[in-house]
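Chains, contacts and geometry: an overview
One letter stands for each residue in the lines below.
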Amino acid sequence: MKLSPTQMAWRAAQDIEDGAYVNLGIGFPEMVAKFQPLGREAIFHTENGILGFGKAPDPGLEDWDLINAGKKAVTLKPGTAFFHHADSFAMVRGGHLDVAILGAYEVAETGDLANWSTGPKGVPAVGGAMDLVHGAKRVAVMTDHVTKDGKPKLLQRCSLPLTGVACVTRIYSSLAVIDIVGGRFVLREKLAALSLDALQAMTAATLHLEGTVADLIVPEL
Amino acid sequence: MKLSPTQMAWRAAQDIEDGAYVNLGIGFPEMVAKFQPLGREAIFHTENGILGFGKAPDPGLEDWDLINAGKKAVTLKPGTAFFHHADSFAMVRGGHLDVAILGAYEVAETGDLANWSTGPKGVPAVGGAMDLVHGAKRVAVMTDHVTKDGKPKLLQRCSLPLTGVACVTRIYSSLAVIDIVGGRFVLREKLAALSLDALQAMTAATLHLEGTVADLIVPEL
Amino acid sequence: MDKTLPDLAAAVAGIPDGATVMIGGFGGSGAPIELIHALIDRFLATGHPRGLTVVNNNAGNGHVGLAALIEAGMMAKLICSFPRSADPVVFTQMYLAGRLELELVPQGTLAERIRAGGAGIPAFYTPTSYGTDLAIGKPVEVFDGRPYVQERWLKADFALIKAHLGDPLGNLTYRMAARNFNPLMCMAAAVTIVQVSRIVAAGEIDPEAVITPGIFVQGVVETPNPAQEEDLNRAGAVYPEVAA
Amino acid sequence: MDKTLPDLAAAVAGIPDGATVMIGGFGGSGAPIELIHALIDRFLATGHPRGLTVVNNNAGNGHVGLAALIEAGMMAKLICSFPRSADPVVFTQMYLAGRLELELVPQGTLAERIRAGGAGIPAFYTPTSYGTDLAIGKPVEVFDGRPYVQERWLKADFALIKAHLGDPLGNLTYRMAARNFNPLMCMAAAVTIVQVSRIVAAGEIDPEAVITPGIFVQGVVETPNPAQEEDLNRAGAVYPEVAA
């Protein structure tokens, strides 16, 4: 019993304010755009130089000059703007984004993130991740709470090569919503059917409590 | 017997190649644009964000959003481009200009230039001069050979605050054309009626000779 | 999202005493005269804001716009490249009287420092000013055998900007060379307030033609037929007008 | 002045062995496929240029464009941010076999290094990569209490660029997100060669709409109806075509 990536995306979407400027990482985080609460409209930024793009076009109607950072086709909306890569990362690095939501291999209670390299073997690829973690006012992570073989992904210290130091402020996991405050994991929400002990057992650093822990309630999707 | 500023501008214009990108300093150097030799067309850059602008409009037809760095009205030409100040100085600092022509208070045989401050009194103003002296492939100076009270402006070392170190490559003076090569003044042209000794007497650093010294011949203007 | 502001007074209402304010323009072109005058109006009515640090390429001309803001006594410090103009008497008197601090910055360095502020680049190296009085006290480093001066970013609390078209999302276009410092200052200020000649609906500005994307803009106020500083000065204008 | 080039072969004729070549594009969008293929044609006919250092955001996809250039064996080193794609097999095999050097650069740092190369900024500081393996060996400095990594400019001997409209002066526009790295690379290369869908007369591009002013461009070649890498890959294209 855990949230699907779609459900994690839904939960992450609930925290995005009306009018927020948001960058969604390649892959599952891209789904966040689909779940904007009624009456709120975020403005999405993609590293390759578009602000305020719309949803995917119908198949066959793609224009391959109009893609997002994941190389997927997107569409125009009233108010879309194009710009080059240096201006795009000025938006990122300059702190103009409100929220960035990224995937993760590991997150540490220090806020350190590892999401770009699984080690010295294979082909390393970093893309815009190292820039994004220093750019947005809030850097959130969307991730399964544990690896496919059941090992914790929320750790005291990351073991994989870092993407950034002390950069993550909130984790939307498949089991819980956890803030990172002052180098500690602070549990905000967890699945109601899951005990705190069970959640702690799947987390390799202490889950601190500040006030009540709400139930993590997500619709069937 | 000396060249007028207009005649200096004419002489400087003869060295500008067809298709050269050129920035002309505020004041007398601006006149260089009027004397492009037949069959050659330079492209003029102004710090405030125009490339390829045209001549001054007729009085009464000025548009004050279309001005040069000297705040004088200019006009559009086919192929004009607008850009912001950071892009404008990327052109300058990035070495994309072929020629910059500036005024001078003093020039040293080292290539040092002083043209922005007459000392601690009064209001200092630098504008784009310190950027331009490091930007263009050729940095030339247009200046009277001596001050109004007859003192040399071409010196071993500048006495006034520097605009740039080792930056000037050619001097168009009211008496001569002088290159700066390896920290020495090399005389290329002088007014025919002026003896080398007389010219040297008005110059506070040695004028070196390499090959023939041509006559500096300029039309009545 | 609607970043439209109702009027000029509302647009400048939030600027506090002691703020650092970037003001767009190169001389008069691109100078947000109406926003500046609204800020002067507020100061004359309330005594605030004062003690401002202003970033602008110049130091005003005549007795309108930036010069009028100096003349009103609202400015403590000016960061600029060229404090000369056809009629710089306001700045010159204030500066020579020691009532105004001046930080003189080469024009390209000023532009790049502002861009750096907007782009999250805390420092960069430039050949500009090496070996001159304007490099005194700044770190120097040699790259590829050539010396460069380290310069720091420049940020502001507010930017007052003049653009041509704006939409409710804050997307902007400019008019010819009135672009100059304006797009850079939009990036470098925490709160960027823009006067535009016309507010158009989102989508009316071609996405290819947007010069400042809305992410850099917090407020847009429509100001049709904005004054040109040059025209005002040729007419001998003074702000605020002195009663005859 | 006329920067127009007669054809693609002429456009790529001057690139020597060992050159550093920036190639525009983000994945397939904005990738100058026809210029790349012309360069491959030259290599196949003459054995030159080889040993190239290429700067691109990615490392090719399938067997066309950048991937085909790698597959032909012309590249010694790749500077990029993201050497993954739908079909990265060409790069991956070459890299894992040790036949290709890789310099991995965070995407925003790559963009800023290229801009710095074009803007005469030899080095700058960025928060990006601080504390990571990609900062190893780079100077770190603290500004306002926060650590930053020093990064160096990136320049090239040549840039191969895809734009939309171009005029004989070299003024360019781009098409939507195909803009990406292209305007930056135009600035950072000693010789910038651009394929455009259409060459128009000087003055036909609105001066406000020029994205790359001609000063950054040395040659323009008209290439109507340019191929999209994505379309080629979906059709299973291989360059050069293998005789059946």
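Here goes a summary of the coordinates provided. Please read all numbers here as calculations on a predicted model, not as lab measurements. (Residues numbered from 1 in each chain as written. Chains lettered and ligands numbered in written order. Predicted model: local features only at pLDDT ≥ 70, side-chain atom pairs only at ≥ 80, totals over all residues. Heavy atoms only, no water.)

Turning next to the pairing of strand E11 (residues 176-181) of chain A. Residue and element names in this part refer to chain A. Counting buried positions over the 6 residues of E11 gives 5, a clear majority of the element. Judged from the 3 bridges that link them, strand E10 (residues 170-173) and E11 form a sheet pairing that is antiparallel. From the neighbouring strand, Arg170 faces E11, where its bridge partner is Asp179. Sheet topology note: the E11/strand E12 (residues 184-190) ladder contains 6 bridges and is antiparallel. Residue pairing across strands places Ala176 opposite Lys190, the latter belonging to E12. (Buried < 20%, exposed > 50% of the residue type's maximum accessible area, 1.4 Å probe, protein only. Helix = DSSP H or I, 4+ residues; strand = E, 2+ residues; numbered from the N terminus. Pairing = 2+ DSSP bridges.)

Turning our eyes to something else, we now look at the interface of chain B and chain C. Interface size is commonly expressed as the accessible area that is lost once the parts come together. Each partner contributes to the interface: chain B provides 34 residues, whereas chain C provides 47 residues. For the pairing of chain B and chain C, the buried interface totals around 3,400 Å² over both sides, and the portion due to carbon and sulfur atoms is 63%. Summed over the three residues of chain B that lose the most area to chain C, namely Trp64, Asp65 and Val123 of chain B, the buried surface amounts to 21% of that side. At the surface where chain B touches chain C, the tally comes to 2 salt bridges. One salt bridge in this structure joins Arg175 of chain C and Asp63 of chain B, with 2.3 Å as the shortest N-O distance. Summed over the shared surface of chain B and chain C, the number is 20 residue pairs in polar contact (both at pLDDT 80 or more). Every element with two or more residues in the side of chain B that touches chain C is listed here: helix H2 (85-93) and helix H3 (129-132) of chain B. Element by element, the count of residues in the side of chain B that touches chain C is highest for H2 of chain B, at 4 residues. Tallied by class, residues from the side of chain B that touches chain C come to 18 nonpolar, 10 polar and 6 charged. (Contact = heavy atoms within 4.5 Å. Buried area = accessible area lost by both parts, 1.4 Å probe. Salt bridge = Lys/Arg side-chain N within 4 Å of Asp/Glu carboxyl O. Polar contact = N/O pair within 3.5 Å; in protein donor to acceptor, adjacent residues only side chain to side chain. Nonpolar A, V, L, I, M, F, W, Y, C, P; charged D, E, K, R; others polar.)

In this section: the environment of Gly214 of chain D. As for its placement among the helices and strands, Gly214 of chain D is situated in the loop between strand E9 (189-199) and strand E10 (219-222). Spatially, the C-alpha atoms of Gly214 of chain D and Leu172 of chain D are 7.2 Å apart, while their sequence positions differ by 42 residues. Setting aside residues up to four positions removed in sequence, Gly214 of chain D forms contacts with Tyr21 and Leu51 of chain B together with Lys3, Leu169, Gly170 and Asn171 of chain D.

Further remarks concern the environment of Leu154 of chain B. All names here are of chain B. With respect to the helices and strands, Leu154 occurs in strand E9 (residues 154-155). Here Leu154 falls in the buried class, since its relative accessible area comes to 0%. Non-local contacts of Leu154, meaning those with residues more than four positions away in its chain, are made with Val107, His145, Ile171, Ile178, Phe185, Thr203, Ala204 and Ala205.

Looking now at the packing of aromatic side chains. Scanning the entire structure with this criterion turns up 11 aromatic pairs over all chains. When the centroid spacing of 6.1 Å and the interplanar angle of 45° are considered together, the rings of Tyr125 of chain C and Tyr125 of chain D count as tilted. With Tyr125 of chain C in strand E5 (residues 123-126) and Tyr125 of chain D in strand E5 (residues 123-126), the pair connects residues from two separate chains. Considered together, Tyr125 of chain C and Tyr125 of chain D belong to a single accessibility category, that of buried residues. Centre to centre, the rings of Phe143 of chain C and Tyr148 of chain C are 6.0 Å apart; their planes meet at 55°, and the pair counts as tilted. No difference in accessibility class separates Phe143 of chain C from Tyr148 of chain C, as the two residues are buried. The cationic tip of Lys71 of chain A hangs over the ring face of Phe26 of chain D; the distance from NZ or CZ to the ring centre is 4.1 Å. Sitting above the plane of the Trp153 of chain D ring, Lys155 of chain D keeps its charged end 3.9 Å from the centroid. (Phe/Tyr/Trp six-rings, centres within 6.5 Å; stacked < 30°, edge-to-face > 60°. Lys NZ or Arg CZ within 6 Å of the ring centre and 35° of its normal.)

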